[in-house]
Amino acid sequence: MTTLVSLNTVCKSFGGIVVADHISIDIHGGEILGLIGPNGAGKTSLFNLISGLYPVDSGTITVAGKPLDGLPMYQRARLGVARTWQHMRLFASMTVLENILVAPRDYPGEKISQIIFRTKQINSAEQALCERAMSILHRMNLTSIAHSNVSDISFGQQKLVGLARALMNDGDCLLLDEPMAGVEGNAYETMKTIVREEAAAGRAICVVEHNVSFIKDLCNSAVFMARGCILERGSVQTLLSSKTLADLYFGT
Ligand SMILES: Nc1ncnc2c1ncn2[C@@H]1O[C@H](COP(=O)(O)OP(=O)(O)OP(=O)(O)O)[C@@H](O)[C@H]1O
Ligand SMILES: [Mg+2]
């Protein structure tokens, strides 16, 4: 199996709060790694470090063999780092389709010379992106709401739109921050199916989730984090049956 995402002794603190304490993790193509741990463990911070929202204090992160050191978020996205957000961050006044179309890596027509001299190519490239966005929505059974305003759709649908936006990146690394929080019914099943399909397509996926049955159903293995440290990595079953970890998780 190819290692697509590799963190090597990554450290990060905010004043006295250590959010990443010598974190080393490899995620292979096709793998769905669960990242679990109590509130404030540093799970979202780890995604922020990989995606470039936070710079690391020390350590290295590579995606598909390319070092991300010092790169801003947009360049990491271009290298194939895609993520969803715990608090969604959709553009509320835009439609579902427009929200998804903000994500592609190399958007055509960003240079003024292209707009003037290559209008035809830009139009056809935008058409292709639109078709790709619609095909992702089709996989999620969301074509009927493509032109709805995001603020008019259900919470579960908004979560799927967040995932659809990440999928437009078509990258090797997919980071999902609590994709199931507040999601139930059809959207829950769709989310599971899509995540499985994306892993089968060879992406390295990391899922932060408090929904234990989702982690059990989907993840090949999991990492348990607390106070910025990785305490254990193993099968989901092993981690969930550890009394020490359960005590840390539930604070008993
Ligand atoms: N930019 C920041 N500045 C200061 N402290 C921060 C910052 N980002 C995160 N923290 C702190 O780091 C700790 C870890 O936060 P983080 O959001 O990574 O936790 P989490 O594991 O995702 O928790 P949850 O399960 O509640 O989402 C928290 O104490 C948080 O307040
Ligand atoms: Mg979080």
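Residues numbered from 1 in each chain as written. Chains lettered and ligands numbered in written order. Predicted model: local features only at pLDDT ≥ 70, side-chain atom pairs only at ≥ 80, totals over all residues. Heavy atoms only, no water.

As recorded by an unreviewed UniProt entry, the protein chain carries the name Amino acid/amide ABC transporter ATP-binding protein 1 (HAAT family) and is attributed to Jezberella montanilacus.

Asks: Explain the site of ligand 1 here, please?
Replies: Residues in contact with ligand 1 amount to 15 residues; listed here are only the nearest, Gly 40, Lys 43, Thr 44, Ser 45 and Tyr 54. Gly 40 places a polar main-chain atom, nitrogen or oxygen, 2.8 Å from an oxygen atom of ligand 1. For ligand 1, an oxygen atom lies 2.7 Å from a polar atom in the side chain of Lys 43. Isolated, ligand 1 exposes 640 Å² of accessible area, and the fraction of that covered by the protein chains is 67%. A total of 3 residues in the shell around ligand 1 trace back to one element, the largest contributor, which is helix α1 (residues 43–51). (Near = heavy atom within 4 Å. Polar contact = N/O pair within 3.5 Å; in protein donor to acceptor, adjacent residues only side chain to side chain. Areas by Shrake-Rupley, 256 points an atom, 1.4 Å probe, with all protein chains shown as cover. Helix = DSSP H or I, 4+ residues; strand = E, 2+ residues; numbered from the N terminus.)

Asks: When you look at helix α7 (residues 185–200) in this model, what are you seeing that I'm missing?
Replies: Because the α-helix completes a turn every 3.6 residues, residues three or four places apart line up on one side. For α7, built from 16 residues, the straight-helix expectation of 22 Å at 1.5 Å per residue is met to within 8% by its first-to-last C-alpha distance of 23 Å. When α7 is considered as a whole, its buried residues turn out to be Ala 187, Tyr 188, Thr 190, Met 191, Lys 192, Ile 194, Val 195, Glu 198 and Ala 199. Contacts made by the buried residues of α7 are with β3 (32–36), α5 (119–139), α6 (155–167), β7 (173–177), β8 (204–208) and α8 (212–218). Gly 202 lies just past α7 and shows a positive phi near 100 degrees. (Expected span 1.5 Å × (residues − 1). Buried < 20%, exposed > 50% of the residue type's maximum accessible area, 1.4 Å probe, protein only. Contact = heavy atoms within 4.5 Å.)

Asks: Please clarify how the coordination of the magnesium ion (ligand 2) should be interpreted in this entry.
Replies: Under perfect tetrahedral coordination by four donors, a metal shows angles of 109.5 degrees; under perfect octahedral coordination by six donors, it shows angles of 90 or 180 degrees. Coordination of the magnesium ion (ligand 2) by the protein involves Thr 44 (OG1) and Gln 86 (OE1), with metal-donor separations of 2.0 to 2.2 Å. Taken together, the residues span a long stretch of sequence, with Thr 44 in helix α1 and Gln 86 in the loop between β6 (81–83) and α3 (96–101) at a distance of 42 residues. According to the relative accessible area criterion, Thr 44 is partly exposed, its value standing at 25%. (Donors = N, O, S within 2.8 Å, 3.2 Å for Na, K, Ca; no water.)

Asks: Can you help me understand the nonpolar core in this one?
Replies: The tendency in soluble globular proteins is for nonpolar side chains to be buried side by side. Within the largest apolar cluster, 50 residues are counted, with the highest numbers of intra-cluster contacts made by Ile 32, Val 96, Ile 100, Met 140, Met 168 and Ile 205. Residues in contact with Ile 32, not counting those within four places in the same chain, are Val 195, Arg 196, Ala 199, Ile 205, Val 207, Leu 218, Cys 219, Asn 220 and Ser 221. (Core = buried A, V, L, I, M, F, W, Y, C linked by side-chain atoms within 4.5 Å.)

Asks: Sorry if this is basic, but what is going on with the packing of α6 against α7 here?
Replies: When two helices pack together, you describe them by how their axes are tilted relative to each other and by the distance separating the axes. With their axes 10 Å apart at the nearest point, α6 and α7 run at an angle of 15 degrees to one another. Accordingly, the angle class assigned to the pair α6 and α7 is roughly parallel. Seen along the crossing, α6 lies across α7 with a hand that is left-handed. Every residue of α7 that contacts α6 at Gly 156, Lys 159, Leu 160, Leu 163 and Leu 167 is listed here: Ala 187, Thr 190, Met 191, Ile 194 and Glu 198. A per-class count over the contact of α6 with α7 returns 6 nonpolar, 2 polar and 2 charged. (Axes fitted to C-alpha atoms, helices over the stretch in contact; angles between N-to-C directions. Parallel < 35°, antiparallel > 145°, perpendicular 65-115°, else oblique. Left-handed = near helix turned anticlockwise from the far one by under 90°. Nonpolar A, V, L, I, M, F, W, Y, C, P; charged D, E, K, R; others polar.)

Asks: Help me understand the sheet that holds strand β10 (residues 229–234), please; the structure alone is not making it clear to me.
Replies: Picture the strands of a sheet paired through backbone hydrogen bonds; they go either parallel or antiparallel. Taken together, 6 strands build an open sheet; the order of strands is β6-β7-β8-β3-β9-β10 and the sheet is mixed. The sheet is open, and its two edges are formed by β6 and β10, each paired on a single side. Strand after strand, the sheet turns through a mean of 20 degrees between neighbouring axes, direction not considered. Relative to β8, β3 runs parallel, the two being bridged by 4 bridges. Pairing of Leu 35 across the sheet is with Val 208, part of β8. Most of the contacts of α6 go to β7, to which it runs at about 160 degrees, and overall it touches β6 and β7. (Pairing = 2+ DSSP bridges.)

Asks: How do you make sense of the pattern of salt bridges when you look at a structure like this?
Replies: If charged atoms from side chains of opposite charge come close, those side chains can pair. Scanning the entire structure with this criterion turns up 8 salt bridges. Where Arg 203 meets Asp 170, a salt bridge forms, and the shortest distance between an N and an O atom there is 3.1 Å. Within this pair, whereas Arg 203 is found in the loop between α7 and β8, its partner Asp 170 is found in the loop between α6 and β7, the two being separated by 33 residues in sequence. For Arg 203, a relative accessible area of 13% puts it in the buried group. (Salt bridge = Lys/Arg side-chain N within 4 Å of Asp/Glu carboxyl O.)

Asks: Teacher, can you tell me more about the environment of Ala 92 here?
Replies: As for its placement among the helices and strands, Ala 92 is situated in the loop between β6 and α3. Given a relative accessible area of 46%, Ala 92 falls into the partly exposed group. For Ala 92, the residues in contact, after removing those within four places along its chain, are Asn 149, Val 150 and Ser 151.

Asks: Can you walk me through the sheet that holds strand β2 (residues 17–28) in this structure?
Replies: The strand order across the open sheet formed by 4 strands is β2-β1-β4-β5, and the pairing between neighbours is antiparallel. Both edges of this open sheet fall to β2 and β5 (66–67), since each of them pairs with a single strand only. One ladder, built from 8 bridges, connects strand β1 (residues 3–14) with β2; its direction is antiparallel. Counted as the bridge partner of Ser 13 is Val 18 from β2. Sitting on the sheet, α1 touches β1, β2 and β4 (58–63), and the angle it makes with β2 is about 65 degrees.

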